[in-house]
Every structure is written in C-alpha cells, then in structure tokens.
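Residue-level listing of the chains:
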Amino acid sequence: MFAIRMPFGRRPSPRHLVTALVAALVVPLAPAMAADTWPARPLTLVVPYPPGGAADTVARIYADALSAALAQNVIVDNKPGAGTAIAAEAVASAPADGYTLSLVPTGQVTVLPHIVKNLRFDPVKSFTPVSLLAYTSLVVASNERVPATTLGELVKLAKERPGGLSYSSSGSGTIVHLAGEYLRQVTGTDLLHVPFKGSAPAVTAVLGGNVDLAVDTLTILAPQIQGGKLRGLAITSRERSPLLPNVPTVAEAGYPGFEVTSWFGLSVAAGTPAAIVQRLNGEIAKAAADPAVRAKLAAQGLEAWASTSAAYAEQIRSDSAKYGRVVEQSHITFD
C-alpha cells in the first residue's frame, strides 16, 4: 500500500491521484520491464588482459556463442593493467543493466584482494557471479639458456643461485604470479618475479632470454613447448595434460599436494536483475555443452566448466581462502 500526501488543507484532484498511482506502479516494475526487453543492444565483455592469452581466448569463444544465442553482438573489450584491477573497476562502476559483462580470471577475485588493500572494488559485493566458463592448468617452462631439464634440476640450480633465476607472469596478483610464488615456497627456492601486462609479453621475454622461466597457462605455453622453443618442466594440475603428456606434474616431481588451476568466470555488476543473470547463466550452460565450443576450448588446452551462480560464488570463496594463505606465508606484495 502507499499513501498520497498533499499540502495541509488541500484534497488531491483526480489528475493528482492518477499521476501518483502511475508513478507508484511504474517504478517497481522498471527492472522487470528492462529484463523482459533485454538485450536490446550490443553487450560488452571486459577482459583484463591484452589479446592473445587464455582469458582473451575464453572470452572470444563465449562471446561468439552468446552473440548467436542473444541475437546481439557481444564485443570483447581488452582492458589490461594494475593486475586486472582496471577491468574489474570498469565493470563494478558500470550500470547494473546486464550490458557490461566481466571475464573474471582466478586471481582477480581470489589473489589480488589479498595483495592490494585499497582496491576500488569488492571481490564479492561489487559483482554478481553468473557462471564459471572454463579452466586450464599452468605450466612451468624454461628457455634453452637454463641448464635444467627437470623440475628437480631446476630446484637444485635455483638453490645454487639464490635470486639468480627469474620467472615471468602475466601480472602481479594473477593466478600465474601466485603459482610461481607457491612453487617458490614449497621448493624453498628464491626465484625473482618479473610481472608483465599480459601473457604475450611475459612469454616473449622468456623466449628472448631476458627472463629465465615462464609460468603460464597451457593455452600459451603448450605451442611453445611442442615447437621446441621452450622446455616444459612441470604442470600444476593434479594430472598430466594430453597436450603435453611427457611433462610431469609438480606432485610427480616430488612435491605432493601441489595443485593450482586457472579458471575463468563470467560476472556482472552487483544489482543486475536476477532475470538477466538467469538468462545469461542458461545461455552459458548451453554454450558449454555445445561440442563445437568444447572443441575450440580443448584445442587451446581449456575445458568448458559451466556452473550455477551459487557454485561459482563458492569457488571464489574457497580459492580465496586457499590462496590467501599462500600470500600470507610467502609475503607477496604488489610490485
């Protein structure tokens, strides 16, 4: 119920009554009406890395699938920088109307918040999780200048040269950065972290001999290892990858229990109508089940992984707790 208040001593005219009634009814219906007509124009999918990496690959595969399903273009907008914070802040401050989507890499909401205390977004409160999209393993690889053919040999070499070996990452606060620091922690070595704004420049630095080691996704490193340009030393998943069957896991190399998986999710700004979130979730589930989409992802070392919004939120919570402990024990700082 609602009440119409008029200045003392005046009675509301029929025109005032109609105007007030319409206003009272239209306002609460606005979000529902927006959801019913969504999408009426192209959408933007914000990616926190430059083109060429695993995140960009996942974004473009799902953008194509969503464009077809929604009958609207889904435009990929690469916004690298600040350890993925620039992209996250852009989505967090966008209108909560479902037209700005966020490609979320693991580190953005599970690692970065533990490293940077003055972020202008909250990893939980600023976004509404839609669905997980895909996941992949990470690989530790070296260039030919490093005289190590196994992870064991690398650890021995690193202990002989404290601080003398470096590894590249796609940025501070990323899951790749954390994997490198986690590896440094469990092996008791002193590796120098060299961050870049994305995977492409990070791997280029290793190929050029400016950095010794690369820690990155299968999407990026498998072709380099298969082509003989880099040497695969270990993979961070629980099991070996079909793309690199001869590369052992970190656990197999003598460090049981070590496992880091890089996943990607889709989120929108907090406050986005539930109907839009549900529609997006349903279309993601259909895309993830599509053999053509799965084949495109698999060719890049990625596996489709659709989920409910609740399951995605729980993944964020559990990984944040796990990686937060690694950050605390390794004293990782944003550099």
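Here, the structure is the one placed above.
Residues numbered from 1 in each chain as written. Predicted model: local features only at pLDDT ≥ 70, side-chain atom pairs only at ≥ 80, totals over all residues. Heavy atoms only, no water.

Q: So what about the pattern of salt bridges? Which residues, and what values?
A: Considering all chains together, one arrives at eleven salt bridges under this definition. For glutamate 181, the salt bridge is made with arginine 184, and the minimal N-O distance between the two is 2.9 Å. Of this pair, glutamate 181 and arginine 184 both sit in helix 7 (residues 175-187), three residues apart, which is roughly one turn of the helix. Of the two residues, glutamate 181 and arginine 184, neither departs from the other in class, the shared state being buried. (Salt bridge = Lys/Arg side-chain N within 4 Å of Asp/Glu carboxyl O. Helix = DSSP H or I, 4+ residues; strand = E, 2+ residues; numbered from the N terminus. Buried < 20%, exposed > 50% of the residue type's maximum accessible area, 1.4 Å probe, protein only.)

Q: So what about the environment of valine 206? Which residues, and what values?
A: Along the polypeptide, valine 206 turns up in helix 8 (residues 199-207). When its relative accessible area of 0% is taken as the criterion, valine 206 is described as buried. Distance from valine 206 to serine 168, taken between C-alpha atoms, is 7.3 Å for residues 38 residues apart in sequence. Sequence-distant contacts of valine 206, that is, excluding residues within four places in its chain, are made with Asn143, Ser168, Val211, Asp212, Leu213, Ala214 and Leu230. (Contact = heavy atoms within 4.5 Å.)

Q: Could you give an account of the packing of helix 8 against helix 9 (residues 218-226), with specific residues and numbers?
A: Look at helix 8 against helix 9: their axes get within 11 Å of each other, and the N-to-C directions meet at 30°. The angle between the axes of helix 8 and helix 9 places the two elements in the roughly parallel class. The handedness of the crossing between helix 8 and helix 9 comes out as right-handed. For the pair helix 8 and helix 9, the contacting residues are Ser199, Val203 and Leu207 in the first and Ile220, Leu221 and Gln224 in the second. Here the contact of helix 8 with helix 9 is built from residues that sort into four nonpolar, two polar and no charged. (Axes fitted to C-alpha atoms, helices over the stretch in contact; angles between N-to-C directions. Parallel < 35°, antiparallel > 145°, perpendicular 65-115°, else oblique. Left-handed = near helix turned anticlockwise from the far one by under 90°. Nonpolar A, V, L, I, M, F, W, Y, C, P; charged D, E, K, R; others polar.)

Q: Mind laying out the pairing of strand 2 (residues 74-78), listing which residues take part and the relevant values?
A: The pairing of strand 1 (residues 43-47) with strand 2 spans five bridges and is classified as parallel. Within strand 2, the residue paired with leucine 43 across the bridge is valine 74. Considered for its hand, the β-α-β crossover made up of strand 1, helix 2 (residues 54-70) and strand 2 is right-handed. (Pairing = 2+ DSSP bridges. Right-handed = clockwise from strand over helix to strand, strands pointing away.)

Q: Kindly report on helix 3 (residues 85-92), identifying the contributing residues and their values.
A: Side chains of residues three or four places apart in an α-helix project in the same direction, reflecting 3.6 residues per turn. Restricting attention to buried positions, one finds in helix 3 the residues Ala85, Ala87, Ala88, Glu89 and Val91. In this structure, the buried side of helix 3 is in contact with strand 1, strand 3 (100-105), helix 4 (106-110), helix 5 (112-115), strand 4 (127-142) and strand 9 (261-269).

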